[in-house]
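# Architecture at a glance
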Amino acid sequence: MDTRSEADSGSPADAGGVIVRDDQFDVPALLDAAKACRRSGGRLKLVDSGKLTASELEWLGEAGADLYTSDLARPRLRELILMNNAAKNGGAAAACFHHGPFEAAGEERSLSFESLKEMGRSGILIYLSSARIKREFGALEELAYACASGGTRLVYYHHGPLDPALMGLARLGPWIHVAGAAFQKEDEAVFLCDLAKATQAGRGNIVLHVENPLPLAWISDIFAAGAVVLFQTPPSDYRSPQKPFELRAARQSPDPRSFYLYPAFML
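Since we're looking at a predicted model, the values are computed, not measured.

Below, the discussion takes up the sheet that holds strand S3 (residues 66-70). Pairing in this open sheet of nine strands is parallel, and the strands run S1-S2-S3-S4-S5-S6-S7-S8-S9 from one edge to the other. With one partner strand each, in any of the chains shown, strand S1 (18-21) and strand S9 (228-231) form the two edges of the open sheet. The average angle at which neighbouring strand axes cross in this sheet is 20°, direction not considered. The pairing of S3 with strand S4 (residues 94-97) spans four bridges and is classified as parallel. Of the residues in S4, the one forming a bridge with Ser 70 is Phe 97. Contacts from helix H2 (residues 27-39) reach S1 and strand S2 (44-47), with the element oriented near 150° to S2.

The following block contains the structure:
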């Protein structure tokens, strides 16, 4: 996933703010946009491709822009910490999507795992996916704990079957995204409900992406467990027994921090 495709997917209206890349406007225009969004009660979400200097991003954070970066665009811990401090001063947030593996300390051009934990302790929102790189649950738990200690949350996009080890991670309160295809049996749906309850105890949650029809009894139980449900199937006919669940899902208000830029797709 490159930075450009992150910003070009989905709908800004669905994302709870106005999303722009740092190469779409000059810095004065971005500053004006950030201030205008703040005055109107909205959010400017700026996607960092590495074009701007760290100081320019700090100005934008101070102006109230939420800063969305990645280890590909901004691999230096010090810059990320300064960006986050500026965003906090502006009442905004800093978020980082980590594409690479968990590296040992010493690689100058990549963020180490220890740097990621320091980012979490400083309050930066950290996003990870297992779509391309397998993530070790022990490391994810360490990172989730660091994020929770910094008053933020780890957001993890889980790809593949549900793993029993997810429960240890869930107890630390992250937001965990799961596809409906991850479970095929009733006991797996029950496990998903248990995961949702465990994450909520730590102020996180499960975000279920329904990409194919699921048994309605399972969906009912998942709603009852308090999970966030995102239907990515075509809208049902009004006579369909699934329609009430789709309407119920549309009324949910997931925390905008629980997804990277857009809610309606899994990274």
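Further remarks concern the packing of aromatic side chains. Overall, the coordinates contain seven aromatic pairs when judged by the stated rule. With centroids separated by 5.4 Å and ring planes inclined at 70°, the aromatic side chains of Phe 97 and Tyr 260 adopt a geometry described as edge-to-face. Pair noted here: Phe 97 is in strand S4 and Tyr 260 is in the segment after helix H10 (243-250), with a separation of 163 residues, a long-range link. One exposure class covers both Phe 97 and Tyr 260, and it is buried. Between Phe 183 and Trp 218 the ring centres are 6.0 Å apart and the planes differ by 40°, which places this aromatic pair in the tilted class. Of this pair, Phe 183 sits in the loop between strand S7 (175-179) and helix H8 (186-201) while Trp 218 sits in helix H9 (residues 216-224); the two residues are 35 residues apart in sequence, bridging distant segments of the chain. In this structure, Phe 183 and Trp 218 share a single accessibility class: buried. Connected via pairs of aromatic rings, a cluster forms that spans Tyr 68, Phe 97, Tyr 127 and Tyr 260.

Another point: the pairing of strand S5 (residues 125-129). The element S5 is largely enclosed, with a buried count of five among its five residues. Sheet analysis places S5 next to strand S6 (residues 154-158), joined by four bridges and oriented parallel. The residue of S6 that forms the bridge with Leu 128 is Tyr 156.

Of the residues making up H9, those classed as buried are Trp 218, Ile 219, Ile 222 and Phe 223. All buried residues of H9 project into a common sector of 135° when viewed along the axis, lining one side. Opposite the buried face of H9, at more than 90 degrees from it, the exposed residues are Ala 217 and Ala 224. On its buried face, H9 is in contact with H8, strand S8 (205-210), S9 and H10.

Core analysis: the biggest nonpolar cluster contains 61 residues, and Leu 60, Leu 154, Phe 183 and Leu 192 have the highest contact counts within it. With near-sequence residues (within four places) excluded, Leu 60 lies in contact with Leu 30, Leu 31, Leu 46, Leu 52, Ala 65 and Leu 67. Judged by nonpolar contacts, the second largest core, of 17 residues, contains Ile 19, Tyr 68, Tyr 157 and Tyr 260.

In contact at an axis separation of 10 Å, helix H4 (residues 77-89) and helix H5 (residues 113-122) are set at 10° when each is read in the N-to-C sense. Considering their axes alone, H4 and H5 lie roughly parallel with respect to each other. Between H4 and H5, the residues in contact are Leu 77, Leu 80, Ile 81, Asn 84 and Lys 88 and Ser 115, Glu 118, Met 119 and Ser 122, respectively. When the residues that make up the contact of H4 with H5 are grouped by side-chain class, the tally is four nonpolar, three polar and two charged.

The rules behind each value
Residues numbered from 1 in each chain as written. Predicted model: local features only at pLDDT ≥ 70, side-chain atom pairs only at ≥ 80, totals over all residues. Heavy atoms only, no water. Pairing = 2+ DSSP bridges. Helix = DSSP H or I, 4+ residues; strand = E, 2+ residues; numbered from the N terminus. Axes fitted to C-alpha atoms, helices over the stretch in contact; angles between N-to-C directions. Contact = heavy atoms within 4.5 Å. Phe/Tyr/Trp six-rings, centres within 6.5 Å; stacked < 30°, edge-to-face > 60°. Buried < 20%, exposed > 50% of the residue type's maximum accessible area, 1.4 Å probe, protein only. Arc of directions from axis to C-beta. Core = buried A, V, L, I, M, F, W, Y, C linked by side-chain atoms within 4.5 Å. Parallel < 35°, antiparallel > 145°, perpendicular 65-115°, else oblique. Nonpolar A, V, L, I, M, F, W, Y, C, P; charged D, E, K, R; others polar.

Geometry only, nothing functional implied.
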